[in-house]
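Observations on chain architecture
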Amino acid sequence: MADIDLPADPAGHRALAQEARAQGDELALLAHQLAARVLETDSAHAAQRLVCVGTGYFMKNEHATARRWYELALRLDCGLAVAWQNLAAIHAQAGDGQQAQACRDRAYGLQRVFIETAGQPRRRVLLLCSGRTTGNVPLDLLVPTPDNCRIKYAIDYAAPAEDAALPASDLAFNAIGEPDVAEPLAERLRDFARRYAQPLLNAPERVAATRRDRLPELLDAIAGLQTARCVRLDDLPAALAGTSVALMQGLEANGLALPLLVRPAASHGGVGLTRCVDQTELEAALRAAQGPGYLSAYRDCRSADGYHRKYRVVFVDRCPYPYHLAISPHWMVHYYSADMLVEPWKREEEMRFLADPQARLGAPAWAALQALGQRLDLDYAGVDFALLPDGTVFVFEANATMLVHRERAGGPLAHKNPYIQRIADAFERLLQKQNA
């Protein structure tokens, strides 16, 4: 279907239903039949039902179609916070940050608390979230429904007085795991934590300690572990205000030397990350940047075979669990671009890591990771790292935003799911312990 506005009248949807029937699109046929019926007979609830249609497409990652259904629902009722919320996610994924922010403002201006429940949940979990940005805390794996009633609270949009009116909860999970996102809310989060009477997972002050420039000090003196020197700048382009000589002298004073990595604050997954091997590249990267960010030392972590390996281990209640290994010829290693599905030997090596991480990494490296989990002192966190030739763990990042998710059943990576389930089971045990 062309990217056009959907009709707001029953006849228009009946016509589109016939078109969908002719094209053999059963989902569109059912959607337009439902739209025609609710617009005719259930005008009081039509908009809410159309939001459900949009969410069906949203869950299938058919975002262009989902957007049209949400926009139709909002033409009928502009007060539907969930529609604005999901539109924000759609615009953000499309790279339209300005439109995404406008939709977030509409969503959270209407509503700050969103309750997700089904069946008979074991407990009610309050999730402290940032409405202004998205994070990588894997709530669907860690706090799934129907075992949990999830009470999502966009605390950055809420006035402190609203805390007292929150629905009852058995415990809370601070899901704002990115320190740069949490920092403007630091006082707000501390006050909430002080007043909240139930257990609170991932204490805000422990999340704050994982900021990239603070990590070397946090992890200092752990045997068998290294991190890169890192400096945070409140305005990356402002580093060019002086002379080129002053720039390099400033780096030297902070213990930095080329090559360097430049990245914007609150970024993950390589977004905005640039490797600069000389001064010309560094100045170009700073000139192209916007706002705050980090300069960190680059370490060539290639293995003896010439490949770069990035391991990910997550910590639940401070205990390490292997999640994945990506092997790439490129210095910026991502699982999706490392040809893990193309080259069987890479998956075989990953499976050996998942099955016995201590044997794959060595006992000293595994002990270093166990010490790292204790030092982070977070209920949920993760670390991305390389293993240097001498067996030392070189940490790329360690924080509470590490993405973990199940693989598609029957898909090419489904064999990893038993190890991912171990992480989910460990977090469920943690919830049970805290809710005892």
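It should be noted that the structure appears before, not after, this text.
Residues numbered from 1 in each chain as written. Predicted model: local features only at pLDDT ≥ 70, side-chain atom pairs only at ≥ 80, totals over all residues. Heavy atoms only, no water.

1. Some remarks on unusual backbone geometry
- Backbone torsion omega between T145 and P146 reads 5°, so that peptide bond is classified as cis.
- You can see P146 is positioned in the loop between α7 (139–142) and β3 (148–154).
- The peptide bond linking L258 to P259 adopts the cis configuration, its omega dihedral lying at 0°.
- Mapped onto the fold, P259 is located in the loop between α12 (244–253) and β8 (260–264).
- Phi at N202 is positive, roughly 55°, even though this residue is not glycine.
- Mapped onto the fold, N202 is located in the loop between β5 (200–201) and α10 (204–208).
- Assessed through its relative accessible area of 1%, N202 is described here as buried.
- The backbone phi angle of R318 is positive, close to 75°, even though this residue is not glycine.
- Position of R318 among the secondary structure elements: in the loop between β11 (308–316) and β12 (319–328). (Helix = DSSP H or I, 4+ residues; strand = E, 2+ residues; numbered from the N terminus. Buried < 20%, exposed > 50% of the residue type's maximum accessible area, 1.4 Å probe, protein only.)

2. Focus on the pattern of salt bridges
- Counted by the stated rule, this structure contains 30 salt bridges.
- The closest approach of N and O atoms between K416 and E350, which form a salt bridge, is 3.0 Å. Note that K416 is positioned in the loop between β14 (393–399) and α17 (417–434) and E350 in helix α14 (residues 344–355), a separation of 66 residues in sequence.
- Residue class for E350 comes out buried when judged on its relative accessible area of 0%.
- Taken together, the salt bridges that share partners define one network made up of D317, R318, D377, D379 and K433. (Salt bridge = Lys/Arg side-chain N within 4 Å of Asp/Glu carboxyl O.)

3. Examining empty space enclosed by the protein
- What the rule picks out here adds up to 1 cavity of 30 Å³ or more.
- In this structure, the largest cavity is lined by 14 residues; those nearest its centre are E178, T210, R212, H268 and N399.
- Residue assignment for the lining of the largest cavity shows that the elements contributing at least two residues are α8 (179–182) and β14.
- When residues in the lining of the largest cavity are grouped by element, the largest group, 3 residues, is from β14. (1 Å grid on protein atoms, 1.4 Å probe; cavity = no way out; pocket = protein on both sides within 12 Å on 5 of 7 lines; lining within 4 Å. Points joined across faces, edges and corners; volume = space filled by probe spheres on them.)

4. Remarks on the sheet that holds β5
- If you trace the 5 strands from one edge of the open sheet to the other, you get β1-β3-β2-β4-β5, paired in mixed fashion. The open sheet has two edge strands, β1 (113–116) and β5, and neither has a second partner.
- Pairing between β1 and β3: 4 bridges, direction antiparallel. Paired with V113 across the strands is Y153, a residue of β3.
- Where helix α9 (residues 186–195) meets the sheet, it contacts β2 (123–129), β3, β4 (171–174) and β5, and its direction lies at approximately 160° from that of β2. (Pairing = 2+ DSSP bridges. Contact = heavy atoms within 4.5 Å. Axes fitted to C-alpha atoms, helices over the stretch in contact; angles between N-to-C directions.)

Read these as spatial facts, not as claims about activity.
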